[in-house]
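# Structure at a glance
Here are the chains, one letter per residue:
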Amino acid sequence: MDWATVFAQPAGTAPTADKSRPFPEKFLWGSATAAHQVEGNMNSDQWTMERLPHTMFKEPSGDACDHYHRYPQDISMLADLGFNTYRFSLEWARIEPEEGFFSNAVLDHYRGMLEICREHNLNTRLTYDHFSLPRCFAVRAAGRMRRRTDAYARFCERATRHLGDLVD
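Report on the accompanying structure. (Residues numbered from 1 in each chain as written. Predicted model: local features only at pLDDT ≥ 70, side-chain atom pairs only at ≥ 80, totals over all residues. Heavy atoms only, no water.)

## Some remarks on the sheet that holds strand β3 (residues 123-127)
Worth spelling out the cut-off: Two strands pair under a simple rule: DSSP has to find at least two bridges between them. Note on conventions: DSSP H or I runs of at least 4 residues are helices, E runs of at least 2 residues are strands, and numbering of each starts at the N terminus. Throughout, an axis means a line fitted to C-alpha atoms (over the contacting stretch in the case of helices), and angles, computed between N-to-C directions, take values from 0 to 180 degrees. In this analysis, two residues are considered to be in contact whenever any of their non-hydrogen atoms come within 4.5 Å of each other.
One open sheet accounts for 3 strands, arranged β1-β2-β3; its pairing is parallel. With partners counted over all chains shown, the strands left at the sheet margins are β1 (30-32) and β3, one partner each. Averaged over all adjacent pairs, the angle separating strand axes in this sheet is 15 degrees, with direction ignored. Of the strand pairs in this sheet, β1 and strand β2 (residues 85-89) are connected by 3 bridges, and their pairing is parallel. Looking at β2, one finds that A32 is bridged to R87. Contacting β2 and β3, helix α6 (residues 104-119) runs over the sheet at an angle of about 170 degrees to β2.

What follows is the structure, encoded as structure tokens:
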């Protein structure tokens, strides 16, 4: 169906679905989240920016919708809704809250999320950078691109080594 057909529909009516072209059998129907938006995290630069005087943010994220602790139920709902894929981001600021210090507990947390996805037959996709940075890194490395790329590469390597076997 083209856009002209969609816009030609009378107001308040939904266009009929074109069932002559079914989706491929292995089509990925998924949902996606950004860690900062669903987990919150006080170690990220976004958390700091939300609290600055005259910030552009209307309200701080806080614990967001607490997906960090509610992920088993949230992932179960995704599967119950018929999705077959979940793409979520890793919160770098949780994994590496201080430059060079990696939290195995947080890496294990994300591993648990991937395992729950497997239990629900969900394909997994990870986003390594969904706009937030560790606060300490954002302050110290601002403007030093080489240091930024080295730190990011180190983070990606560590996360991949810990989680990669569970990522589709």
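Next comes the rest of the write-up.
## Overview of the side chain of E96
Positionally, E96 belongs in the loop between α5 (92-95) and α6. Leave out the neighbours within four places in its chain, and E96 touches F101, F102, P134, R154 and F155.

## Observations concerning unusual backbone geometry
Positive phi values are uncommon outside glycine, yet D66 reaches one of about 60 degrees. If you trace the backbone, D66 turns up in the loop between α3 (45-50) and α4 (67-80).

## A short note on empty space enclosed by the protein
To keep things clear, this is the line we draw: Only protein atoms enter the calculation, which uses a 1 Å grid: trapped sets of points that fit a 1.4 Å probe without letting it out are cavities, open sets showing protein on both sides within 12 Å along at least five of seven lines are pockets, and any residue with an atom within 4 Å of a point is a lining residue. Grid points are joined across faces, edges and corners, and a volume is the space filled by probe spheres set on the points.
Throughout the structure, instances matching the rule amount to 1 cavity of 30 Å³ or more. Within this model, the largest cavity holds a volume of roughly 50 Å³.

## Examining the nonpolar core
Here is the rule: Residues belong to one nonpolar core when they are buried, are Ala, Val, Leu, Ile, Met, Phe, Trp, Tyr or Cys, and are joined through side-chain atoms within 4.5 Å. Per-residue accessibility, obtained with a 1.4 Å probe over protein chains only, is compared with the maximum for each type, and a residue is labelled buried under 20%, exposed over 50%, and partly exposed between these values.
Counting 28 residues, the largest nonpolar core has I75, Y86, F88, L90, I95 and Y110 as the members making the most contacts within it. Where this core is concerned, the elements lending two or more residues are α4, β2, α5, α6 and α8 (145-163). Among the elements that make up this core, the one with the highest residue count is α6 (7 residues). The contacts of L90, once residues within four sequence positions are left out, are A35, I95, Y110, L126, T127, Y128, F155, A159 and L163.

## Quick notes on the pattern of salt bridges
Definition in use: Salt bridges are counted wherever a side-chain nitrogen of Lys or Arg sits within 4 Å of a carboxyl oxygen of Asp or Glu.
Tallied over the entire structure, the rule returns 7 salt bridges. A salt bridge links D66 to R70; the nearest nitrogen and oxygen atoms lie 3.9 Å apart. The exposure class assigned to D66 is partly exposed, which follows from its relative accessible area of 22%. For R161, the salt bridge identified is with E157, shortest N-O distance 2.8 Å. Here R161 and its partner E157 are both found in helix α8, 4 residues apart, which amounts to about one turn of the helix. One network of salt bridges, in which partners are shared, links R111, E115 and D165.

Honestly, that's just the spatial picture; any functional story needs more than this.
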